[in-house]
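Structural overview for review
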Amino acid sequence: MIHSLFLVNASGDIFLEKHWKSVVSRSVCDYFFEALERATEPENVPPVIPTPHHYLINVLRHRIYFVAVIQSEVPPLFVIEFLHRVVDTFQDYFGVCTEAAIKDNVVVVYELLEEMLDNGFPLATESNILKELIKPPTILRTVVNTITGSTNVGEQLPTGQLSVVPWRRTGVKYTNNEAYFDVIEEIDAIIDKSGSTITAEIQGVIDACVKLTGMPDLTLSFMNPRLLDDVSFHPCVRFKRWEAERILSFIPPDGNFRLLSYHVSSQNLVAIPVYVKHNISFREGSSQGRFELTLGPKQTMGKAVESVLVSSQLPRGVLNANLNPSQGTYTFDPVTKLLSWDVGKINPQKLPSLKGSMSLQAGASKPDENPTINIQFKIQQLAISGLKVNRLDMYGEKYKPFKGIKYMTKAGKFQVRT
Amino acid sequence: MRAPPALSASAPRNGSRDSVSGALRRSASSSSSTAAAAAEMSASSAFIDEKGGSASEPEYGHDPASGGIFSTDYKRHDDLKEMLDSNKDSLKLEAMKRIVAMIARGKNASDLFPAVVKNVACKNIEVKKLVYVYLVRYAEEQQDLALLSISTFQRGLKDPNQLIRASALRVLSSIRVTIIVPIMMLAIKEAASDMSPYVRKTAAHAIPKLHSLDPEQKDQLIEVIEKLLADKTTLVAGSVVMAFEEVCPDRIDLIHKNYRKLCNLLIDVEEWGQVVIINMLTRYARTQFLNPNINESLLEESSEKAFYASDDEEDEDKKAEAATLAKRKPYVMDPDHRLLLRNTKPLLQSRNAAVVMAVAQLYFHLAPKAEVGIIAKALVRLMRSHSEVQYVVLQNVATMTIKRRGMFEPYLKSFYIRSTDPTQIKILKLEVLTNLANETNISTILREFQTYIKSMDKDFVAASIQAIGRCATNIGEVRDTCLNGLVQLLSNRDELVVAESVVVIKKLLQMQPEQHSDIIKHMAKLIDNIQVPMARASILWLIGEYCEHVPKIAPDVLRNMAKTFTNEEDIVKLQIINLAAKLYLTNSKQTKLLTQYVLNLAKYDQNYDIRDRARFIRQLIVPTDKSGALSKYAKKLFLALKPAPVLQSTFKDRDHFQLGSLSHLLNAKAAGYQELPDWPESVPDPSVRNVEVIRLLERVTTLTSIPDWSKCTSRKDRKEKKTEKPFYSDSEGESGPTESADSESDSGSGSESASASDESGSGSESEESREETESEDEEEDEEKEKKRKKRLDKTKAKKPAEESAESEQSSGTEDRKRGRKAVKNQKSASESESESESSESEDESEEESEEESESDTDIRKKKTPISKQPPKQSKKESKKERQEMSLLDLDDFEPAPASAPVTPVNFLSSSLVSDLEGLSLTNNILAPTTIAPSGSIKMYELLHRITGEGLAVEYCFSRQPFSPDPNMVAVQIQFTNNTNSETKNLHIEEPRLQSGMRIREFTEIDVLAAGESVTVVMGIDFCDSTQAANFQLCTHTRKFFVSIQPPVGELMTPVFLTENDFKKEQGKLMGMNEISEKLMLGEKCVNEHVIVERVTATANLSRVPCGSEKECRFAGKTVSSGCLVLVTVPTKEGGAAQLTVNCEKMLIGTLLVKDIMQALSQ
């Protein structure tokens, strides 16, 4: 399966290599660098690159290319998904997954990679098991280790590995037993020029942070489970219960995990919480363009729209923008032509606006394409689909846990065409 | 390791460290530790120099590669070496960390090999792990030195800790050294039958490693794979299928027996294993089942064709045809095929994209058309994932949309393109959108395309225009609209857009040029404005090709082009020449001079291509004296009808590759790709998957059919055998797929009794046959029992020990007890049954050729007492049946009902002895109450249910030989779950044992449902001491410290001796080895029988025949060391007795005397 792994940074240097079978020379990456040069944007490197003897499968995360070397037929998604899992694990261990973090923790990285793959086949990818095998570095532990000479490596076979609940270790103990669930919904939408919705969907996830003693068995039920159209579960969720009763029944992993991701059925009309009034125009012959943008709340169920961030890729002909925001701050990068406006909170009484002029290259014809406006926002305490958690019950343990549910709506890929 | 003399002095080393290893030291944790390291080093270097000579010198001096260039590296590595040689773990660890950091950066660290490999046996687990990392990386380069580490792993392979066993095997198999292939092979084989599933999993992982190292081991490895495929744990399943795919993917026959099991385990296998299993099962199903769309495929084709033709008549015709076809061949899906589809479906909900994709491709390739639709939703969901995932999914969706457009039509909008998508994703989405376009949605799609054309991403715009072109060719209705749209694009300010549009329009016009002369005219006008060479060339080609449709404009265009000829790009020039030639041929009057002019210009062009072309065309079209035969055909050459280009998806016909595979993605066969086989024409034999039933039948044939058909001489015997059947008749039927070998004779016996006919109606055939075997087993047992009895009778010297062991172990044993109880109630001994019994015994004895004649006669003598036994079977059946159901139920792999009766298995052994006693030594039949000392097996408490938080654990010594290790005492442990929830993962951890003691753990109990109980057997080697064995009993939540302390009597196992042998052995064990005590027998010890019972209950001994009625003798040997234990109890008048124990182990003797005394005096 996976023969070797090379980590390549943004400037095209290989800064880590790991081989699971016989050693593959790093010159194999030349094919990757060729592809990298050809690609106009970093994300346009083809994920799968065939070379005469190998296949290179790469993913780009945090400006690092993870290039896996494959020698024979394997489902490409298998490798891609695994590489993403590696990145997630690094992030989990080091807080960030940057070149510096990986270099600083190279031994832990190596130990992790050693455990995650055996002969190129995934062995332990569950973060719970890994954390029992190799303890994540913390400042305290580093200090203790240097003094006592003890190690980061667990000495026991993780109990989870052999059990039917590989995602949870045994002997979990907390003084405060708490379980938090965040229902986070994202709106993906494309709004056309006239303000009508071309496509809008709601994708949601339930992220959980469960810190419970022992082996609790939780059930989570919804007021309106019919809203959920397509779901994917963490392996802990009992599929049969969901099929039969639309109840999430599970023994949770310890700590943070994504319990569920879902898609709200497309029959339901999606409420669009913000509207945009825009007037971006370029006059023929003059080197000036007008730029006007006004944001307003639309269907927000009375909740405030916060953390609004507007960004737009202006046409290449635009040299500079001289704009005046009614609130927040804006930046325009003359090189990348990226305009971004940090709006903050939308005040319904006084709508935020960004007005001004753009200067164009003198003598150039007016750009005929109009920029797309990408909007990000957050609405606290609201699940825009109307999904509501009914109750959370715990079985199998005797204590009373503290339970908390939080709702949030965010913009996903929310675009307004102009 | 001795350092090279020049470097061993500390001063230059420190100097080099300062200068060279600055970078390395940055990674060293703190300055203080470095200082410590330096201090340590100077100390250790002295130490090293002292013992120097024995260690071998590393050979870097002779290595040409590292000769001069890397000489500084030695010095740098030198301090690492010293750190490795030190005896402080922290220094070793620091050195290993730095070495691993070097490996990670791709730096060569191979010259450290000798220094590192020494630490392979280091106690510190992290050092050990890092050494493994190093070893695996460099062992291939330094094979000889790597061999030094092998013995460590071989030791590790025998470690009681499964983690160590597994990791030893893992590293051993990762070391790519050819010499150790036999060792690896042996290790894999051993690990494949390890008790721990984790070790077995590691064994499965090791198989492909060994195979890639030495492909000649393939045959042996396949055997191991076959064995592991039969494994029932989810942990192993994924890994072994992986090995199967790498080593022998063509041995599909190995899957048959495991197919259903794999299907059922699938949902619980870890996600990576799921992907591999699903892909393999897709291939399997393609070879074993019929095409579920065998009828629809015809239907589909016809309707699809009719789709665009909109020829209703034809459509109906074909549909009717297909319908009749469907009627002719009704398709019924194989239940196994259905099982696969049903069990994979939930995995569409997996969070792992690879699993979802694997299920999607399985459905695409295997499911009936009507069911494929369910995968669309899941695939659309994956589009929310990372862009690499999107890329792969879209590639596959693109292929699917060509075959099954309807599936994704509801999700059309999910493929709309956002400006933030990477270009490669945009282009794939366009592909999908184009594939999805049809009459109903084309207008929305085109509107969407229009916005794409305005995008800033020019590659994407070009692709969009091509997509419009494809929509126009595919859908007749919108061709004009598209064409108009494209023509409008011709006035676009962006040249690229215009150029691409011209190219696409050119292609479109080729389809129906007659109707579009105005467009050609329009384009002719555009030529003044368009600067993109490709577009100008395309327009010129169009005008030339269709000059007949624009007779007036064409010469004018040529005139204009002639003016600018010298300034044009090369491809435009070529097309100008081309246009001139065509016009010359069609309209020579007007264009003769122009053509001459253009050709003359071209003659002196800088580009030789153009000069060549001009010369060639001149020769061809301008008639001269020398012009050859070709000029006659000039018109045909230039104005031939060109076929319209076909605009089709690049994804067409990609589905002959298995979707989701690398080969599919690259549209080229990747190394190691396994072709997806075509559906078979006719159904392959489905019974190959009936694994357990087949084995069952084999058993029936060996045990039943011989007596039935070849040995049984009288018809009567056969009938009588049948009369036993009603005992099983109230089984709940479960239809097995195959018929048993017995079924035929069954119908014959139907009239024998009412219940028999009942059974033939309700019971399943295969089950019956199982029952039959079971009863057979029992009879076998009885058989042996009788034999033993007989032997005892005759006091022969033969040792039936193994046989008794066999009989005690056999499956019927447990039920026997209940059966025996039944004897008390049911005194329905019938002559016929006893006869059947004897017939059985005949067969039996024929099989076991030994002593057959004797046994025959003997049994006939003893007929009366024995004849009581057969009816016992009637009582046990209901319970037993339930147990067996679960064995038979192929689809059900949940643990057998934990409520299974928890009777001490050993009942037989003790009661048997006393039973035999009664039969052989005294002629009167003893009352059953005295025979069955129901309390003879004492249950001990291991864990009270209160301390165990609801989990109660009891144990007893089953007195059965522990088959995996004859030196161990079998301890039967019964778990009862008194809580309301499941208890999981019951297993043993951290045994804390006295030296020499060993434990063989029971296999882990995965789940113990609420209120259920389950019994397992473990083995403990107590080393003939009464010390307790301490260990932890772990559940998924808790650990409990428990200990098992054996009574001395359980440390022995019966030995059968003759009177003479007994005397002889006793004679050897005199003096210190003999312990004698006088005692008064208890009130209840009235007769000899009670004494025997008491003694055998106290100690696991067997009675030795004795001539005198006043004396009881017992013999046994200790389990662990096999020392004889002889017990003699001569009784005197008035309850007085003397107890003598002869045993080499005095301690055991003393303890035994105490115990037996207590037992007898009560």
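Bear in mind the structure is a predicted one, so any value in this text is a computation, not a measurement.

**Focus: the overall build of chain A**
- Across its full length, chain A holds eight helices and 23 strands.
- Classification of the 418 residues of chain A by burial places 57% in the buried group.
- In chain A, the share of contacts with a sequence separation of at least 24, taken over all contacts with a separation of at least 6, comes to 68%.
- Carbon and sulfur atoms make up 50% of the accessible area of chain A, which amounts to about 17400 Å² in all.

**Digging into the sheet that holds strand E6 (residues 1005-1008) of chain B**
Residue and element names in this part refer to chain B.
- Read from one edge of the open sheet, four strands run E6-E4-E8-E9, paired in antiparallel fashion. A single partner strand is all that each edge strand has here, and the edge strands are E6 and strand E9 (1039-1044). Ignoring strand direction, the axes of neighbouring strands in this sheet form an average angle of 35 degrees.
- Sheet topology note: the strand E8 (residues 1029-1034)/E9 ladder contains six bridges and is antiparallel. Each bridged residue has a counterpart across the sheet, and for Leu 1033 the counterpart in E9 is Phe 1040.

**Overview of the sheet that holds strand E9 (residues 197-211) of chain A**
Residue and element names in this part refer to chain A.
- A sheet is described by the order of its strands in space; here nine strands give the open sequence E11-E13-E9-E8-E23-E21-E16-E19-E18, paired in mixed fashion. With one partner strand each, in any of the chains shown, strand E11 (228-233) and strand E18 (329-333) form the two edges of the open sheet. Between one strand and the next, the sheet's axes are offset by a mean angle of 15 degrees, whatever the strand orientation.
- With five bridges connecting them, strand E16 (residues 306-313) and strand E21 (residues 372-380) associate as antiparallel partners. Counterpart to Leu 309 in the pairing with E21 is Gln 376.

**Looking at the packing of aromatic side chains**
Residues and elements named next belong to chain A.
- Taken as a whole and judged by the stated rule, the model has 26 aromatic pairs over all chains.
- Ring plane angle 35 degrees and centroid distance 5.9 Å describe the contact between Phe 90 and Phe 94, whose orientation is recorded as tilted. Of this pair, Phe 90 and Phe 94 both sit in helix H2 (residues 76-94), four residues apart, which is roughly one turn of that helix.
- Both rings, one in Phe 377 and one in Phe 414, keep their centres 5.4 Å apart while their planes meet at 80 degrees; by these two values the pair is edge-to-face.

**With respect to the side chain of Ser501(B)**
- Along the chain, the position of Ser501(B) falls in helix H31 (residues 495-509).
- Each residue touching Ser501(B), except ones within four places of it in the same chain, is listed here: Ile465(B), Leu486(B), Leu489(B) and Leu490(B).

**Some details on the confidence of the model for chain B**
Residues and elements named next belong to chain B.
- Averaged over every residue, the pLDDT of chain B is 72; residues scoring 70 or more account for 69%.
- Confidence scores differ between elements of chain B, with helix H52 (residues 928-931) showing the lowest mean pLDDT of 36 and helix H22 (residues 353-366) the highest of 93.
- Every residue in residues 1-74 is under pLDDT 50, and counting partners more than four places away or in other chains gives 71 contacts.
- Under a pLDDT of 50 for its full length, residues 299-316 has, in the predicted model, 19 contacts with residues more than four places off or in other chains.

**What to know about the interface of chain A and chain B**
- Each partner contributes to the interface: chain A provides 105 residues, whereas chain B provides 97 residues.
- Around 8800 Å² of area is buried between chain A and chain B when both sides are counted, 58% of it from carbon and sulfur atoms.
- In this structure, Lys209(B) engages Asp118(A) in a salt bridge whose closest nitrogen and oxygen atoms are separated by 2.9 Å.
- Here chain A is connected to chain B by 36 residue pairs in polar contact (both at pLDDT 80 or more).

**Considering the packing of helix H27 (residues 423-436) of chain B against helix H28 (residues 442-453) of chain B**
Residues and elements named next belong to chain B.
- Put simply, H27 and H28 touch, their axes get as near as 11 Å, and they point 155 degrees apart. One way to sum up the angle between H27 and H28 is to call them roughly antiparallel. Here the hand of the crossing between H27 and H28 comes out left-handed. The residues of H28 that touch H27, namely those facing Leu 430, Leu 433, Thr 434 and Leu 436, are Ile 445, Phe 449 and Tyr 452.

**Description of the packing of helix H54 (residues 1088-1098) of chain B against helix H55 (residues 1146-1161) of chain B**
Residue and element names in this part refer to chain B.
- It is at 9 Å that the axes of H54 and H55 come closest, and there the two elements cross at 140 degrees. Viewed along their axes, H54 and H55 adopt a mutual orientation that is oblique. In this structure, H54 meets H55 at a crossing whose hand is right-handed. Side by side, H54 and H55 meet where Ile 1091, Arg 1094, Val 1095 and Thr 1098 of the first sit next to Asp 1155, Ile 1156, Ala 1159 and Leu 1160 of the second.
- Each residue belonging to the contact of H54 with H55 can be placed in one class, and the counts come to five nonpolar, one polar and two charged.

**Here we look at a nonpolar patch on the surface**
- Together, Leu630(B), Tyr633(B) and Leu637(B) make up an exposed nonpolar region whose accessible area comes to about 330 Å².
- Here Leu637(B) shows up in helix H38 (residues 634-638).

**Points about unusual backbone geometry**
- Unlike most non-glycine residues, Gln381(A) shows phi in positive territory, near 60 degrees.
- A relative accessible area of 45% means that Gln381(A) is categorised as partly exposed.

**Some remarks on the pairing of E16(A)**
- Here E16(A) pairs with strand E19 (residues 338-344) of chain A via six bridges, running antiparallel. Residue pairing across strands places Leu309(A) opposite Asp342(A), the latter belonging to E19(A).

**Observations regarding the pattern of salt bridges**
- Considering all chains together, one arrives at 54 salt bridges over all chains under this definition.
- Each of the salt bridges in this network shares a partner with another, and the network as a whole consists of Lys18(A), Glu114(A), Glu115(A), Asp118(A), Lys129(B), Arg170(B) and Lys209(B).

About the thresholds
Residues numbered from 1 in each chain as written. Chains lettered and ligands numbered in written order. Predicted model: local features only at pLDDT ≥ 70, side-chain atom pairs only at ≥ 80, totals over all residues. Heavy atoms only, no water. Helix = DSSP H or I, 4+ residues; strand = E, 2+ residues; numbered from the N terminus. Buried < 20%, exposed > 50% of the residue type's maximum accessible area, 1.4 Å probe, protein only. Contact = heavy atoms within 4.5 Å. Areas by Shrake-Rupley, 256 points an atom, 1.4 Å probe, with all protein chains shown as cover. Pairing = 2+ DSSP bridges. Axes fitted to C-alpha atoms, helices over the stretch in contact; angles between N-to-C directions. Phe/Tyr/Trp six-rings, centres within 6.5 Å; stacked < 30°, edge-to-face > 60°. pLDDT = per-residue confidence, 0-100. Buried area = accessible area lost by both parts, 1.4 Å probe. Salt bridge = Lys/Arg side-chain N within 4 Å of Asp/Glu carboxyl O. Polar contact = N/O pair within 3.5 Å; in protein donor to acceptor, adjacent residues only side chain to side chain. Parallel < 35°, antiparallel > 145°, perpendicular 65-115°, else oblique. Left-handed = near helix turned anticlockwise from the far one by under 90°. Nonpolar A, V, L, I, M, F, W, Y, C, P; charged D, E, K, R; others polar. Patch = residues over 30% accessible without salt bridge, like charges linked within 9 Å, V, L, I, M, F, W, Y side chains within 5 Å.

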